Amino acid sequence: MDKFSQNEYWVNHRGVKLYLYRKRLNDDANRPSFFLVHGSSFSGPGGFDLHVSGRDDYSFMEKFASYGFDVWTLDHEGYGRSDRTDGNSNVMNAIPELEESMKIMEAETGHTAAAFYGSSSGALRAAVYAEAHPERVSKLILDAFVYTGRDAPTLIERAKKLDQWNSNNTRPVNRDFIHSIFTRDKPGTSEEAVADALADYELALGNTVPTGTYADMCQRLPLCDPKKIKCPVQIIRGEHDGIATEEDLLAFYNQLEVRDKQFVIIPGQAHVSHLGLNRERFWHVVRSFLDMPGREDNSGL
Amino acid sequence: MDFKTALDIESQEHWAKRGEIDLFIFRKFSPSAQLANPGRPALLLVHGSSFSARTAYDLEAPEFGEYSLMNVFASLGYDVWTMDHEGYGKSSKTDGFSFIKDGVADLEAAFPVIEKISGHRSACFFGSSSGALRAGAFANSNPERVEKLVLAALVWTGEGSPSLKKRAEKIDEWKASNLRRVDEAAYEAIFSRDVTGLTIPELPKLAAAAEMANGGGSVPNGTYIDMCINLPAVDPLEIRCPVLIFRGDHDGIATDEDVIGFYSALPNKDKQMIMMSGQAHNTTIGINRHRFWHVLDSFLTMPPRVDS
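Residues numbered from 1 in each chain as written. Chains lettered and ligands numbered in written order. Predicted model: local features only at pLDDT ≥ 70, side-chain atom pairs only at ≥ 80, totals over all residues.

**Q** When you look at the overall build of chain B in this model, what are you seeing that I'm missing?
**A** When its secondary structure is counted, chain B shows twelve helices and ten strands. For chain B, whose C-alpha radius of gyration is 18 Å, the value lies close to the compact-globule estimate of 19 Å for 308 residues. By its C-alpha atoms, chain B is 50 × 45 × 40 Å across when sized along the principal axes. Within chain B, the fraction of its 308 residues that count as buried is 56%. Pairs at least 24 apart in sequence give 78% of the contacts found in chain B among residues at least 6 apart. (Helix = DSSP H or I, 4+ residues; strand = E, 2+ residues; numbered from the N terminus. Rg over C-alpha atoms; globule rule 2.2 N^0.38 Å. Buried ≥ 20, exposed ≤ 12 C-beta atoms within 10 Å, placed from the backbone. Contact = placed C-beta atoms within 7 Å.)

**Q** What is the right way to look at the nonpolar core in this model?
**A** A general tendency of soluble globular proteins is for nonpolar side chains to be buried together. Formed by 167 residues in total, the largest nonpolar core has its most connected members in Phe116 of chain A together with Phe125 and Leu154 of chain B. For Leu154 of chain B, the residues in contact, after removing those within four places along its chain, are Ala132, Ile245, Ala254, Val259 and Phe262 of chain B. Residues Ile181, Phe182, Leu198 and Leu275 of chain A belong to the second largest nonpolar core, which totals 14 residues. (Core = buried A, V, L, I, M, F, W, Y, C linked by C-beta atoms within 7 Å.)

**Q** Even after reading the chapter, I still don't get the environment of Asp194 of chain B, so can you show me in this structure?
**A** Position of Asp194 of chain B relative to the elements: it lies in the loop between helix H8 (184–189) and helix H9 (203–213). Setting aside its immediate chain neighbours within four residues, Asp194 of chain B contacts His250, Asp251, Gly252, Ala280 and His281 of chain B.

**Q** How do you make sense of the interface of chain A and chain B when you look at a structure like this?
**A** Interface size is often expressed as the accessible area that is lost when the parts come together. Taken residue by residue, the interface counts 28 residues in chain A and 31 residues in chain B. For the side of chain A that touches chain B, the secondary structure elements donating two or more residues are helix H10 (246–255), strand E10 (261–266) and helix H11 (279–290) of chain A. Across the side of chain A that touches chain B, the residue classes break down as nine nonpolar, nine polar and ten charged. Two strands pair when backbone bridges link them, and E10 of chain A and strand E10 (residues 271–276) of chain B are joined in this way by five bridges, in the antiparallel orientation. (Nonpolar A, V, L, I, M, F, W, Y, C, P; charged D, E, K, R; others polar. Pairing = 2+ DSSP bridges.)

**Q** What's the story with helix H8 (residues 192–205) of chain A in this structure? I'm lost.
**A** Two residues of an α-helix separated by three or four positions point the same way, owing to the 3.6 residues in each turn. All names here are of chain A. Here H8 spans 21 Å end to end across 14 residues, near enough to the 20 Å set by a 1.5 Å rise per residue. Listing the buried residues of H8 in full gives Val194, Ala195, Ala197, Leu198, Ala199 and Glu202. Buried-residue contacts for H8 involve helix H1 (44–48) and helix H7 (175–183). (Expected span 1.5 Å × (residues − 1).)

**Q** Mind showing me how you'd approach the packing of H7 of chain A against H8 of chain A here?
**A** How two helices sit against one another is set out by the angle between their axes and by the gap between those axes. Residues and elements named next belong to chain A. The geometry of H7 relative to H8 is characterised by a closest axis approach of 9 Å and an angle of 135° between their N-to-C directions. Judged on the interaxial angle alone, H8 and H7 are oblique. In the crossing of H7 with H8, the sense of the turn from one axis to the other is right-handed. On H8, the residues that touch Arg175, Ile178, His179 and Phe182 of H7 are Val194, Ala195, Leu198, Ala199, Glu202 and Leu203. Tallied by class, residues from the contact of H7 with H8 come to seven nonpolar, one polar and two charged. (Axes fitted to C-alpha atoms, helices over the stretch in contact; angles between N-to-C directions. Parallel < 35°, antiparallel > 145°, perpendicular 65-115°, else oblique. Left-handed = near helix turned anticlockwise from the far one by under 90°.)

**Q** What is the right way to read the pairing of strand E3 (residues 42–46) of chain B from this model?
**A** For a regular strand, side-chain orientation follows a simple rule: the groups alternate between the two sheet faces. Residues and elements named next belong to chain B. The buried fraction of E3 is high, at five of five residues. Because side chains alternate across E3, one face comprises the buried residues Ala42, Leu44 and Val46, and the other comprises Leu43 and Leu45, equally buried. Of the strand pairs in this sheet, E3 and strand E4 (residues 79–83) are connected by four bridges, and their pairing is parallel. Within E4, the position partnered with Ala42 by the bridge is Asp79. Of the pairings in the sheet, the one linking E3 to strand E5 (residues 123–128) comprises four bridges and is parallel in character. Bridging from a neighbouring strand, Leu45 pairs with Phe126 of E5.

**Q** Before we go on, may I ask you to explain the environment of Phe4 of chain A in this structure?
**A** Residues and elements named next belong to chain A. Within the secondary structure layout, Phe4 lies in strand E1 (residues 4–13). Separated by 21 residues in the primary sequence, Phe4 and Leu25 have C-alpha atoms spaced 4.5 Å apart. Once you skip the residues sitting within four places of it in the chain, Phe4 turns out to touch Lys23, Arg24, Leu25, Asn26, Glu62 and Ala65.

**Q** What should I look at first to understand the confidence of the model for chain B in this one?
**A** Put simply, chain B has an average pLDDT of 96, and 99% of its residues get 70 or more. Under the prediction, the complex receives an ipTM of 0.96, its pTM being 0.97. (pLDDT = per-residue confidence, 0-100.)

**Q** What is the right way to look at the packing of helix H3 (residues 94–109) of chain A against helix H4 (residues 121–132) of chain A in this model?
**A** Residues and elements named next belong to chain A. Two numbers describe how H3 lies on H4: the axes approach to 9 Å, and their chain directions differ by 70°. By the angle between their axes, H3 is roughly perpendicular relative to H4. Where H3 approaches H4, its residues Ala94, Ile95 and Leu98 are matched on the opposing element by Arg125, Val128, Tyr129 and Ala132. Tallied by class, residues from the contact of H3 with H4 come to six nonpolar, no polar and one charged.

**Q** How should unusual backbone geometry be read in this particular structure?
**A** Most of the time, phi is negative for any residue but glycine, and the peptide bond is trans. Here the residue pair Leu221 of chain A and Pro222 of chain A is connected by a cis peptide bond, since its omega of 0° sits within 30 degrees of zero. Position of Pro222 of chain A among the secondary structure elements: in the loop between helix H9 (212–219) and strand E9 (233–238). Leu231 of chain B connects to Pro232 of chain B through a cis peptide bond whose omega is 0°. Within the secondary structure layout, Pro232 of chain B lies in the loop between helix H10 (222–229) and strand E9 (243–248). Despite not being glycine, Ser89 of chain A shows a phi value in the positive range, around 50°.

**Q** I tried to follow helix H5 (residues 130–141) of chain B on my own but got confused; where do I start?
**A** Residue and element names in this part refer to chain B. Taking 1.5 Å of rise per residue, twelve residues should cover 16 Å, and H5 covers 17 Å from first to last C-alpha, within 8% of that figure. Taking burial as the measure, the twelve residues of H5 include ten buried ones, the bulk of the element. Contacts made by the buried residues of H5 are with E3, helix H4 (100–118), E5, strand E6 (146–152) and H10.

**Q** What is the right way to read the pairing of E10 of chain B from this model?
**A** Residue and element names in this part refer to chain B. For E10, the tally of buried residues reaches six of six residues, placing the bulk of the element in the interior. The alternating pattern of E10 places Lys271, Met273 and Met275 and Gln272, Ile274 and Met276 on opposite faces, both of which are buried. When E9 meets E10, the two strands line up parallel, connected through six bridges. Directly across from Gly248, in E10, lies its bridge partner Met276. In this fold, the crossover linking E9 to E10 by way of helix H11 (residues 256–265) has right-handed handedness. (Right-handed = clockwise from strand over helix to strand, strands pointing away.)

Spelled out as structure tokens, the structure:
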């Protein structure tokens with residue numbers, strides 16, 4: 001019997017078919033749901049269930065399935081196996097997409113809420129969803145996050161092509177671009193085989209991705225209001241991540257009104273923590289947050 | 001909470017000397033837990049201004065659950081140490097103030113004893129309140145001794161701190177004498193100064209009685225004076241090891257901004273800042289102490305970096 005069981009679902013959002021994917025240990029146990037939200041440049045299963053030749057521990061989904069979670073991810077509009085449309089799949093578009101996905105999750109598991117993890121613009125998607133649907137988000141992990149974007153090296157560079165992002169709903173991607181995701185901040189923080197495996201997966205499904213999140217990150221930040229997030233929050237930052245400054249993230253952290261909040265910097269990591277050399281440290285931090293025991297007082301404080 | 005304390009915890013008492021001052025050192029470990037969890041480091045717990053080491057970190061209250069932080073971490077495989085600073089617990093009562101800098105000297109005197117007995121040349125340090133200042137200042141001056149640093153109930157500059165603003169009203173009193181007499185009622189009051197409801201009602205009396213039995217009745221004024229007029233006592237720029245800052249959401253010893261300022265200034269990028277609800281100043285003996293254990297153990301067991 002396979003160690004993991006996996007399921008595919010199709011979300012129909014206003015006529016757009018979205019690919020929803022689930023992985024968990026292959027038994028009948030009802031396990032807590034954990035939803036992973038992808039960013040601007042690669043799909044959900046591509047980034048979170050990646051299999052690299054000669055390596056057996058790059059799948060974020062399998063790792064957390066083995067920890068006892070029921071792990072879900074979605075290809076947002078224009079990514080992976082989901083419909084490629086003339087929309088630009090901006091950050092706010094993710095709110096109804098995630099809500100439709102959660103209805104399927106609820107029907108399948110009985111869970112009305114899940115812990116959410118998002119990376120890069122996936123963190124923005126997850127955060128705006130948490131604001132719009134606080135009843136659906138039990139915990140929120142924001143990795144490679146950006147708040148206002150002020151002085152962010154990556155966004156300064158990205159904004160040079162803002163006219164391109166605004167005038168086209170998609171941008172082309174190729175193998176070199178996918179490699180650049182892993183080298184733009186700090187070469188040597190990931191294995192080259194990871195970028196190759198990711199490129200193999202993504203380019204087999206298409207050679208474009210939507211421009212909406214790039215346009216949002218260059219000109220519409222902040223998209224998230226820390227005061228409107230009601231669940232425990234963990235902010236994770238790779239030491240070398242250029243998507244935001246530390247000051248920008250600390251300003252967000254400080255404004256979070258929820259009092260269960262964590263700010264973790266992981267050295268030796270860049271923008272894509274879950275696919276970095278030090279991914280085991282990333283898993284450790286995420287798991288610790290998700291496994292936090294509950295409060296035992298009834299003080300109401 | 002369902003914590004299973006190891007059945008084979010061993011206790012040891014040791015002594016160090018700083019000049020003429022006798023300093024009490026206490027150790028707990030579990031051979032079976034160490035066997036089951038090889039490689040767990042030494043963990044040195046540094047007490048704060050009011051309670052001596054064993055009241056703060058080895059409180060016995062079996063009818064109410066496990067309250068000994070030493071028992072918990074010994075059961076997890078750590079080699080757990082603590083000490084009474086000058087003027088506290090079983091250590092010498094002197095005419096000194098036991099300032100933060102004296103606490104650093106105490107730790108410098110104790111560590112060779114720890115090294116000789118255990119072989120550990122360095123340890124992970126945990127300090128709470130002015131214990132965090134002692135541990136932080138020790139990490140500033142003895143970086144080779146500190147593998148990881150955990151700072152709970154930390155205050156950096158003290159700016160805007162509700163607890164310190166109130167404490168400073170008595171600064172002349174603190175400065176006029178090297179110590180203050182403390183009775184059980186004063187010890188009990190520590191648990192209600194921020195909020196009530198986050199420790200069990202029986203705990204203040206238990207802790208007060210334990211402290212009187214551990215050598216209490218007076219506490220030196222040095223750390224109160226330091227926290228009122230000599231902050232900052234720790235330079236974040238001079239801390240080289242990984243750092244965890246743990247803050248209870250109702251802790252009045254510092255403001256969020258002050259703690260975030262310290263965190264931001266830490267140059268080592270291996271750093272975590274965790275704020276937790278349902279916690280006040282005394283994180284180690286609150287009702288939700290198991291959540292603090294979880295965070296502390298997670299930080300101490302972080303897998304090593306695999307890159308060069």
